[in-house]
Amino acid sequence: MSAPPDPVGYRRGNDLVDAPYLVPEFKSTRLRAPRQPLISLKHTLSEVTGPIFSHRSVSPDEHDLTTRHEANPIGQRIILGGRVLDNDGRPVRNTLVEMWQANSAGRYIHKWDRYQSPLDPNFDGVGRCITDDTGAYQFTTIKPGPYPFGNHYNAWRPAHIHLSVFGPAFVTRLVTQMYFPGDPLLAQDPVFNSVPGSRARERLICRFDLETTVPDWANSYRFDIVLRGRDATPIES
Amino acid sequence: MSTDLTPSQTVGPYFGVSMTPEELTRLVPEGTPDAVVLTGVVTDGEGKPVPEGMIEIWQADREGSYDRAPLGEGEAFTGFGRCHTDDDGLYRFLIVKPGPVPASKGGMQAPHVSMAIFGAGLVKPLRTRVYFSDETEANRTDPVLTLVDESRRHLLVAKVDGSVASLDIRLQGDGETPFFEL
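Described in the following lines is the structure provided in the data block. (Residues numbered from 1 in each chain as written. Chains lettered and ligands numbered in written order. Predicted model: local features only at pLDDT ≥ 70, side-chain atom pairs only at ≥ 80, totals over all residues.)

### What about the overall build of chain B?
Part 1 of the reasoning: Looking only at helices and strands, one finds 1 helix and 12 strands in chain B.
Part 2 of the reasoning: For chain B, the N- to C-terminal ordering of α and β elements is β-β-β-β-β-β-β-β-α-β-β-β-β.
Part 3 of the reasoning: Compactness check: chain B gives a C-alpha radius of gyration of 16 Å against a globular reference of 16 Å for 182 residues, within 12% of the reference.
Part 4 of the reasoning: Projecting the C-alpha coordinates of chain B onto the three principal axes gives extents of approximately 40 × 40 × 40 Å.
Part 5 of the reasoning: The proportion of buried residues among the 182 residues of chain B is 47%. (Helix = DSSP H or I, 4+ residues; strand = E, 2+ residues; numbered from the N terminus. Rg over C-alpha atoms; globule rule 2.2 N^0.38 Å. Buried ≥ 20, exposed ≤ 12 C-beta atoms within 10 Å, placed from the backbone.)

### Considering the pairing of strand S4 (residues 126-130) of chain A
Residue and element names in this part refer to chain A.
Part 1 of the reasoning: With 5 of 5 residues buried, S4 is to be regarded as a mostly interior element.
Part 2 of the reasoning: Residue alternation in S4 divides its side chains into two sets, Val 126, Arg 128 and Ile 130 and Gly 127 and Cys 129, and both sets are buried.
Part 3 of the reasoning: Bridging between strand S3 (residues 96-101) and S4 involves 5 bridges; their strand directions are antiparallel. Bridging across to S4, Met 99 finds its partner in Gly 127. (Pairing = 2+ DSSP bridges.)

### Here's the deal with the environment of A:Asn87
Part 1 of the reasoning: With respect to the secondary-structure elements, A:Asn87 resides in the loop between strand S2 (77-86) and S3.
Part 2 of the reasoning: Spatially, the C-alpha atoms of A:Asn87 and A:Gly150 are 36 Å apart, while their sequence positions differ by 63 residues.

### Considering the environment of A:Glu98
Part 1 of the reasoning: Within the secondary structure, A:Glu98 is located in strand S3.
Part 2 of the reasoning: For the pair A:Glu98 and A:Pro168, spaced 70 residues apart in the sequence, the C-alpha separation amounts to 15 Å.
Part 3 of the reasoning: Other than its neighbours up to four places away in sequence, A:Glu98 contacts A:Arg128, A:Ser164 and B:Met19. (Contact = placed C-beta atoms within 7 Å.)

### Section: the sheet that holds strand S9 (residues 174-179) of chain A
Residues and elements named next belong to chain A.
Part 1 of the reasoning: The 4 strands lie next to each other as S4-S3-S8-S9, forming an open sheet whose pairing is antiparallel. Of all the strands in the sheet, just S4 and S9 have a single pairing partner and so form its edges. Neighbour-to-neighbour, the strand axes of the sheet open up by a mean angle of 20°, direction not taken into account. (Axes fitted to C-alpha atoms, helices over the stretch in contact; angles between N-to-C directions.)

### Details of unusual backbone geometry
Residues and elements named next belong to chain A.
Part 1 of the reasoning: For Asn 94, which is not glycine, the phi dihedral falls at a positive 50°.
Part 2 of the reasoning: Assignment of secondary structure puts Asn 94 in the loop between S2 and S3.
Part 3 of the reasoning: Its identity is not glycine, yet Asn 154 carries a phi of approximately 60°, on the positive side.
Part 4 of the reasoning: With respect to the secondary-structure elements, Asn 154 resides in the loop between strand S6 (147-148) and strand S7 (156-157).

### Thoughts on the interface of chain A and chain B
Part 1 of the reasoning: Counting residues at the interface gives 66 residues for chain A, matched by 62 residues for chain B.
Part 2 of the reasoning: Among the elements of the structure, helix H1 (14-17), strand S1 (39-40), helix H2 (45-48), S3, strand S8 (160-165), S9 and strand S12 (225-227) of chain A are those that each provide at least two residues to the side of chain A that touches chain B.
Part 3 of the reasoning: Looking at which element gives the most residues to the side of chain A that touches chain B, the answer is S9(A), with 4 residues.
Part 4 of the reasoning: Residues belonging to the side of chain A that touches chain B are distributed by class as follows: 33 nonpolar, 21 polar and 12 charged.
Part 5 of the reasoning: In this structure, S1(A) lies alongside strand S12 (residues 180-181) of chain B, joined through 2 bridges in parallel fashion. Directly across from A:Ile39, in S12(B), lies its bridge partner B:Phe180. (Nonpolar A, V, L, I, M, F, W, Y, C, P; charged D, E, K, R; others polar.)

Below is the structure:
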């Protein structure tokens, strides 16, 4: 019996859009960025496989952050949706999308968050869903508020939502942050600006979409997430 | 060229609001006879513990197969784990030691666990692998471990003592963990 063919790897190039580990303006990278060069690794079965999900692993109410408490959360209700794609434009189906965010006053339910801003008993700021056959995901939530952080004097995080996506493999895993158009705080934020290219940074900003905005109910924002695609189409042998 | 990719961003310090439920640290149920505790401390460039670390692992099953059950549906083996480091920078998973998995050209890789380290101040995950000290022979010929300079290989090999496998992760500086570009 001949050896099975080597697995087809995933395309490199994320280093062109991602920030380097050391971003001096972003203070907390200074002691956490490795000094030794990374060791390049040809993808093996361990890199091209990853956990799987089914629609049964997430309950249907987990995508709606506005209806799981006694009353409505305070803030502007929004719909956030988009598609998870690979960079050949193919939908990434049945993959888990997780999100977490501050409330409309810029506060997280977290022991380390000491911002003098109110918690909202009707908002926990967490959601999960599984992409459908077109790679689409959707959340209903409220628009998060900005909050101060300790990077430099008078530093503020712009309003953002953390999004975590798996994709098909260990190497396609992505955690990112999504921002809102026109936010004046983007210019001074070392986290957003850690991404070196202006076009890549723009891809972290969602866009307002009137078409999917629901009349008398909620503004809609669209945010597509693009993961690494395969190096080449696997060939049947 | 992969120019339309969505850039990575740090998980920040507040991912613990939802991302790290206790059950994700157990790849096998408590009480599994051959369960192994995989544990260690994550430290920064000054040797201080990193309490805002989110560690993810991905591994084959006992037979070295990546066939797996969907996550979140029951206790069948999913191969995936996630852990929030504690105030002392400690991570801890309950795993089974994976079997050897295929390498290219019909070779085999030594038993290993793939690891991704996310955290506040990490703009993208650091990727590494955990090997096991009781696999001296397999480790010697592993095609990935041998990519690492010989003087640093031990930094990827967890010390196995009974049912505990220990490996500390140093993000920067003396004894810095070798990290991979995937």
